[in-house]
Structure formats: structure tokens, C-alpha cells
Amino acid sequence: MFSRFQQEFFLAKAETLKPQLKRWKVSADAVVTPVKDCTVWQDYRMVKGDLDTFLQNNDFVNGSSFIVSLPETTVGQIAFTIDFCKGYADSPSRLQITCGELPREVIDAGLPYNGTLNGSWLQTEVITIDDLPCQVILPRRYSGKYIRFDMLNVPGSVKFSDIHIIACGVEDSLLPPPENLPELLKKIDQASIRTLRNCMQHSFEDGPKRDRRLWLGDLRLQAMVNKVTYRRFDIVARCIYLLAGTLLPDGEVCGCVMEHPFPRSGCHTHDYAMLFPLLLEEHCRWSGDLTVGEELFDLAEYQLKLMERFFDNGLFVGISDPFKDWFFVDHDLELDRQAAMQGHAITGYHSLVKLALMLGKVDKAAEFNAKADLLVSVAREKLFNPATGLVESGKDRQLSYASQIWMIISKVLTPQEGRKALQTIENTPGALKPSSPYMFHYLLEAWDICGDKEHLMELLTGYYGGMIKNGADTFWEVYRPDEPFFSPYEDIRMNSACHAWSGTAAYFLRK
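Analysis parameters
Sequence order as written defines residue numbering, which begins from 1 separately in each chain. In view of the model being predicted, local features appear only for residues whose pLDDT reaches at least 70, and side-chain atom pairs are presented and counted only at 80 or more, with totals across whole chains, interfaces and linings using the full set of residues. Calculated side-chain values reflect all of the structure's heavy atoms, with hydrogen atoms and water omitted. The secondary structure listing takes helices from DSSP runs of H or I that are at least 4 residues long and strands from runs of E that are at least 2 residues long, numbered from the N terminus. With the radius of gyration taken over C-alpha atoms, the globule rule is written as 2.2 Å times the number of residues to the power 0.38. Relative accessible area decides the class of each residue, using a 1.4 Å probe on protein chains only: under 20% of the type maximum gives buried, over 50% gives exposed, and in between gives partly exposed. In short, Shrake-Rupley with a 1.4 Å probe defines the accessible areas, and a residue's cover is counted only from the protein chains shown. Residues scored as positive are Lys and Arg, those scored as negative are Asp and Glu, and His as well as the terminal groups of each chain are ignored. To locate a charge, take atom NZ for lysine, CZ for arginine, CG for aspartate or CD for glutamate. To pair, rings of Phe, Tyr and Trp, with the six-membered ring standing in for Trp, must have centres within 6.5 Å; the planes then decide the type, stacked if under 30 degrees apart, edge-to-face if over 60, and tilted in the middle. Between N-to-C directions, angles cover 0 to 180 degrees, with each direction set by a line fitted to C-alpha atoms, over the stretch in contact for helices. Convention used here: angles under 35 degrees read as roughly parallel, angles over 145 as roughly antiparallel, angles from 65 to 115 as roughly perpendicular, and any remaining angle as oblique. Take the far helix as the reference: if the near one is turned anticlockwise from it by less than a right angle, the crossing is left-handed, and if turned clockwise, right-handed. Contact criterion: two residues are considered in contact whenever any of their non-hydrogen atoms come within 4.5 Å of each other. As a working rule, the residues Ala, Val, Leu, Ile, Met, Phe, Trp, Tyr, Cys and Pro are called nonpolar, Asp, Glu, Lys and Arg charged, and the rest polar, with Gly in that last group. Note on pairing: DSSP must find at least two bridges between two strands before they are called paired. Each helix should span, by expectation, one fewer than its residue count multiplied by 1.5 Å. Read the arc as the range of directions from the helix axis to the C-beta atoms. Any pair of cysteine sulfurs within 2.5 Å is marked as a disulfide. Working definition of a nonpolar core: buried Ala, Val, Leu, Ile, Met, Phe, Trp, Tyr and Cys residues. They are joined through side-chain atoms within 4.5 Å.

**Q** Would you mind going over the overall build of the protein chain with me for this structure?
**A** Along the protein chain, the regular secondary structure elements total 15 helices and 16 strands. The C-alpha atoms of the protein chain give a radius of gyration of 25 Å, which matches the 24 Å a tight globule of 511 residues would have. Taken along its principal axes, the extent of the C-alpha atoms in the protein chain is 85 × 55 × 45 Å. For the protein chain, the residues scored as buried account for 60% of the 511 residues in total. Surface accessibility of the protein chain: about 20,600 Å² in total, with carbon and sulfur atoms responsible for 51%. Across the protein chain, the mean location of the 54 positive side-chain charges is 2 Å away from that of the 67 negative side-chain charges.

**Q** Sorry if this is basic, but what is going on with the packing of aromatic side chains here?
**A** Under the criterion given, the structure shown has 37 aromatic pairs. Pairing Phe-66 with Phe-160 gives two aromatic rings, centres 5.3 Å apart and planes at 70 degrees, and the pair type is edge-to-face. Residue Phe-66 is located in strand β4 (residues 65-84), and its partner Phe-160 is located in strand β9 (residues 158-169); the two are separated by 94 residues in the primary sequence. Taken together, a centroid distance of 4.8 Å and an interplanar angle of 40 degrees make the contact between Trp-406 and Tyr-442 tilted. Placement of Trp-406 in helix α11 (residues 401-409) and of Tyr-442 in helix α13 (residues 437-449) is noted, with a sequence separation of 36 residues between them.

**Q** Would you explain the packing of helix α5 (residues 216-228) against helix α6 (residues 233-244) in this entry?
**A** Working note: a packed helix pair is described by the angle between its axes plus the distance between those axes. One way to put it is that α5 packs onto α6 with a least axis distance of 10 Å and a crossing angle of 165 degrees. When the interaxial angle is binned, α5 and α6 end up roughly antiparallel. Crossing geometry of α5 relative to α6 is assigned as left-handed. On α6, the residues that touch Leu-216, Leu-219, Ala-223, Asn-226 and Lys-227 of α5 are Phe-233, Val-236, Cys-239 and Leu-243. Considered class by class, the residues forming the contact of α5 with α6 number 7 nonpolar, 1 polar and 1 charged.

**Q** Got a minute to help me understand the pairing of strand β6 (residues 124-129) in this structure?
**A** For a regular strand, side-chain orientation follows a simple rule: the groups alternate between the two sheet faces. With burial as the criterion, only one face of β6 is covered, namely that bearing Glu-125, Ile-127 and Ile-129; the residues Thr-124, Val-126 and Thr-128 on the opposite face remain uncovered. Pairing of strand β5 (residues 93-100) with β6 involves 6 bridges; the strand directions are antiparallel. Paired with Ile-97 across the two strands is Glu-125, which belongs to β6.

**Q** How should I be thinking about helix α12 (residues 415-426) in this particular structure?
**A** For α12, built from 12 residues, the straight-helix expectation of 16 Å at 1.5 Å per residue is met to within 8% by its first-to-last C-alpha distance of 16 Å. When α12 is considered as a whole, its buried residues turn out to be Gly-418, Ala-421, Leu-422 and Ile-425. Seen end-on, α12 carries its buried residues on one side only, within an arc spanning 95 degrees. Along its buried surface, α12 packs onto β16 (390-391), α11 and α13.

**Q** Sorry, what's going on with the state of the cysteines here?
**A** When the sulfur atoms of two cysteines share a covalent bond, that bond is a disulfide. This model, assessed by the stated rule, comprises 0 disulfides. The structure places no disulfide on Cys-85, whose sulfur is separated from the nearest cysteine sulfur, that of Cys-134, by 14 Å. Not part of a disulfide, Cys-254 finds its nearest cysteine sulfur in Cys-256, a span of 6.0 Å.

**Q** Mind showing me how you'd approach the nonpolar core here?
**A** The tendency in soluble globular proteins is for nonpolar side chains to be buried as a group. Phe-276, Leu-296, Leu-460 and Tyr-464 are the most contacted members of the largest nonpolar core, which totals 128 residues. Look past the residues within four positions of Leu-296 in its chain and what remains in contact with it is Phe-10, Ile-240, Tyr-241, Ala-244, Phe-276 and Leu-280. Core analysis: the second largest hydrophobic core is formed by 31 residues, Trp-24, Val-26, Leu-138 and Ala-167 among them.

**Q** Is there a simple way to explain the sheet that holds strand β11 (residues 256-258) in this structure?
**A** The pairing of strands in a sheet comes from backbone hydrogen bonds and takes either a parallel or an antiparallel form. Ordered by their spatial adjacency, 3 strands build an open sheet running β10-β11-β12, and the pairing between neighbours is antiparallel. Each edge of the open sheet carries a strand with a single partner, namely β10 (214-215) and β12 (264-265). Note: β11 against β12, 2 bridges, orientation antiparallel. If you follow Val-257 over to β12, its bridge partner there is Ser-265.

**Q** Please clarify how the environment of Phe-84 should be interpreted in this entry.
**A** Structurally, Phe-84 can be placed in strand β4. Here the alpha-carbon distance between Phe-84 and Val-154, two residues 70 residues apart in the chain, equals 8.8 Å. With near-sequence residues (within four places) excluded, Phe-84 lies in contact with Ala-89, Leu-132, Pro-133, Ser-157 and Val-158.

**Q** Got a minute to help me understand the packing of helix α9 (residues 338-358) against helix α10 (residues 362-382) in this structure?
**A** Between α9 and α10, the shortest axis-to-axis distance is 8 Å and the interhelical angle comes to 160 degrees. As judged from the angle between their axes, α9 and α10 are roughly antiparallel. The way α9 lies across α10 gives a crossing that is left-handed. Between α9, through Gln-342, Ala-345, Ile-346, Tyr-349, His-350, Leu-352, Val-353, Ala-356 and Leu-357, and α10, the contact on the second element is made entirely by Lys-364, Ala-365, Phe-368, Asn-369, Lys-371, Ala-372, Leu-375, Val-376, Val-378 and Ala-379. Taken together, the residues that form the contact of α9 with α10 break down as 14 nonpolar, 3 polar and 2 charged.

**Q** How should unusual backbone geometry be read in this particular structure?
**A** For residues besides glycine, phi is generally negative; the peptide bonds are generally trans as well. Following Arg-210, the chain continues into Asp-211 via a peptide bond in cis, with omega recorded as 10 degrees. Relative to the elements of secondary structure, Asp-211 occurs in the loop between α4 (183-199) and β10. Pro-261 follows His-260 through a cis peptide bond whose omega is 0 degrees. Relative to the helices and strands, Pro-261 resides in the loop between β11 and β12. Positive phi values are uncommon outside glycine, yet Arg-231 reaches one of about 55 degrees. Within the secondary structure, Arg-231 is located in the loop between α5 and α6. Judged by relative accessible area, which is 45%, Arg-231 ranks as partly exposed.

**Q** Can you help me understand α11 in this one?
**A** One full turn of an α-helix is made of 3.6 residues, so residues set three or four places apart face in the same direction. A large share of α11 lies buried, amounting to 9 of its 9 residues. Of the positions making up α11, those classed as buried are Tyr-401, Ala-402, Ser-403, Gln-404, Ile-405, Trp-406, Met-407, Ile-408 and Ile-409. Remark: Lys-411 follows α11 within two positions and exhibits a positive phi of approximately 65 degrees.

So, in C-alpha cells, the structure goes:
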């Protein structure tokens, strides 16, 4: 589809848009003691104490440890000063340092890890310091609110001071919340913006702790928050060019881009590829920059052409190779994705219609409109049950929130039908609920399209407010209110607690 030469051209354009990172100091503000408390999230609360007094009055020997907290979840390099206490340091000092976004990451630092993702993502380092006294700056970048220090081998006893993080990011401050919001919504707004800010590095990352890469699905949601906050459309354009410059061999836009040491493609994520036209159209409309739309219009069209192999007579019929063909949609293996994928494809064609009209491609707009109309007609005939007002997916006619949501977003259902479907699914026993903040965003988007702002705000306040009440100052990759120890990776320490797809509350509060 696009030659290697063309992809190199897009990568070169992305490089010209690479932002400069700012750096600032965030000092630890308390020493904290974990206290077992089964009434709080994940069974521990952190009791704060005066850090300066603690460090002045305590020397640390082999086997001792302590934990400090930062005033907010911060991304950057850990730094501190270490000195010996008496005599002279006649040997190196060996420390284990663990950074955590949530308390259990530092509390459980010594436990074995048996999760499904590589354990090297856990933010634990063993370092050796040859000469004391000195200032130490760890070379890696971390994301966290807590730092734990364990003395493995130290010469006698040591002291610490000036513990901080050298923070980094494109933006070094938060925008103030809208004045008319009640206090809880202000906290939600600020946590949402902090989530975006912490993920704004040389590209829009999905999570600064883990995966630290550009995911297309996350990018679309980040672009929405960016539109109503920082308006750094240059970074959005850079990310789009990175995606265009790292195509998979068949010409599909990859699900994610790993930027370092050089940009390269990740995996097939077909539902994300179907969102590429939506991402491109929204960026052109919001930024006013039609150049990227002109350059990548054919690529956006090609994504839906590639997806035609999954359709039969206008109906999504499934995947041919489950090990290659990944349709994410949500963290739920039980979810039947037929209706959701039908909605993704229709939304893609609708976006191409809008983009074509922006670019003066009237004939193309008519072509895409006809394709969308066919998919809508088939969806209403095959998936919509007018007797119940619900969308049913797959051979077992599964009922799920995801199916209703994507039939609303794709305008298969009218706002009135969509409102009824959402109200009905809420009262349907056994209907599959959203399993991630990613799908929860699209639930809010569906309620927004249906025009029920009151219900949208009720859900937003309950869901994101729940994270705030459980200690969040950035929003989490995984949040199931009734399952505090759920992890799609089988170890809660691997969950990201500052994650791009969870940060869209500010969009709804400010739009």
C-alpha cells in the first residue's frame, strides 16, 4: 500500500514534530507506614509521618527499609543523597529501590512474581554505590507516588537526604479545574489531566510505567482530552505519522508503536485499525490541519478495505486465525465482538465520509456513505431485536453493554433507541458489563450521543469518583469497583495506575 520510502517520509515528519521535554523537581513529602486495613482499597492504608525528622533521626543498616511518598504521582528519574554515618565507608553500598504507583507495589516488593507479562516491568532495581557520600540519580524513568529503599549491604550504617524525582514531560503543570464544578468533580478533572500530562512524553504513551508506548486506541482518547486542555495538536500529528510510518507488512496500521531505540510496529489490533479513520478525521477537524488528512486519506481508506475479509454480505462474521486476528474491544474473553466490530466498521466509514468532504472528495464521500448504509441496514436486520430494543451479538445472541454502545456510536440506533437500549441493558441480569475504563469511556460517549447528560454525570461521578475515594490522583488502567485484586496480568503489581485510556473524564467535564 505505502512503500518503505513513503513510510520513511512519514517518520521523518514525525521527527520534526518531536517535542522538547521539560524537567522539574518533585521532592518526597512524607515517610509512610503501611497499615493493614481491610476497609480500604487493596487492604492497606499509608500513614504519613514527617520526612525530614525521620531522615535526620534514623540511620539505616543491613536489612532495614523505609518508604517515602511524593505529593502526586510523578514520572521521572529517582534521585537522592546518601552518606555514611561514622568512620569511613570501606565498602560499596548495595540497595534495592522500588517505585510504585499504588501502595501494594512497594509493600509486596519482595514477593515472587508469577504474572503473565514480563516481570522486568516491575519498577524494582538493585544498585551498587561505590563511594560515599554522593548524590545518586537512577538512569531509568519511573512512574510512581511511593519509593521504597531496602538496605541489602551497607558499610555500617547510612543516612539519606534530598529524596526526589526529576520529573519529565511535555507539560510541567496542570490546568486549573473549571470554577463551577463541585469539589469531587474538580478532583476528577485534575486526576484526568494529570493522567494525560504524565503520559505526554515524546509521544502520547499509554502508560508511563508500562507499556510506555503509543497505542492507537489510547491515542484517540488522549486526543479528545488534549482538545479541551493542552491543545498540543503537534504531538497528536506526530503520533499519527508514527503510526503511518510503521505499518505492518500487509499495510495495516499497527495497534501500537514502540518508539525506542527506533520506531517499529507492534501487533495487529484490528478494532484499533478501524478507528484510524476516526482518529484522523477528528484531528483534522479539531486542529484545522488538513495536510495530514490529505497525506493519509488513502491509508485510512485502506484500513477498512483490509477489514472486508471479516465480513460476509455486510455482516461481521468473525476471525479466521485467533492467534493472529485480535479484536480487543474490552478486557473480557467472554465478550462476543460481532456487534461491536460491525459498529467499528460503520464508524470508520462515517469518519471517511466527513474527511472526504473536508478534503473536497465528494465522489469518495458518496462511495463511503453507500458502504456505511449497507452495514447499518444489515446490522438492524441481523443484530437488532425490535421486540426488546436490544442489540444481540453472535450465534448465541449475547447481550452486552459493548454491543449497545457501538451500535449507538455508529448511529445504527437512533438516540431514542440508544437511550432505551442502555436503560434496558442496565436492568438485564447476566448482560456483560464494561470490564475496563476503556470501554467505560465509550459507555459515557454513548450516553452523551443519546443526550442524557444527567445519567452520564451520574456514571462519571460514581466510577471516577470511586477511584478518587480509593486514593487515585491519576486514573487506573484497571478498575472494577467490586474486584480490588483483579488483574488481566494475574498480578496487581503489573496493573498501571496512570493509564491513558482511563483519563477522559476531563473531556466530558469540559466539552
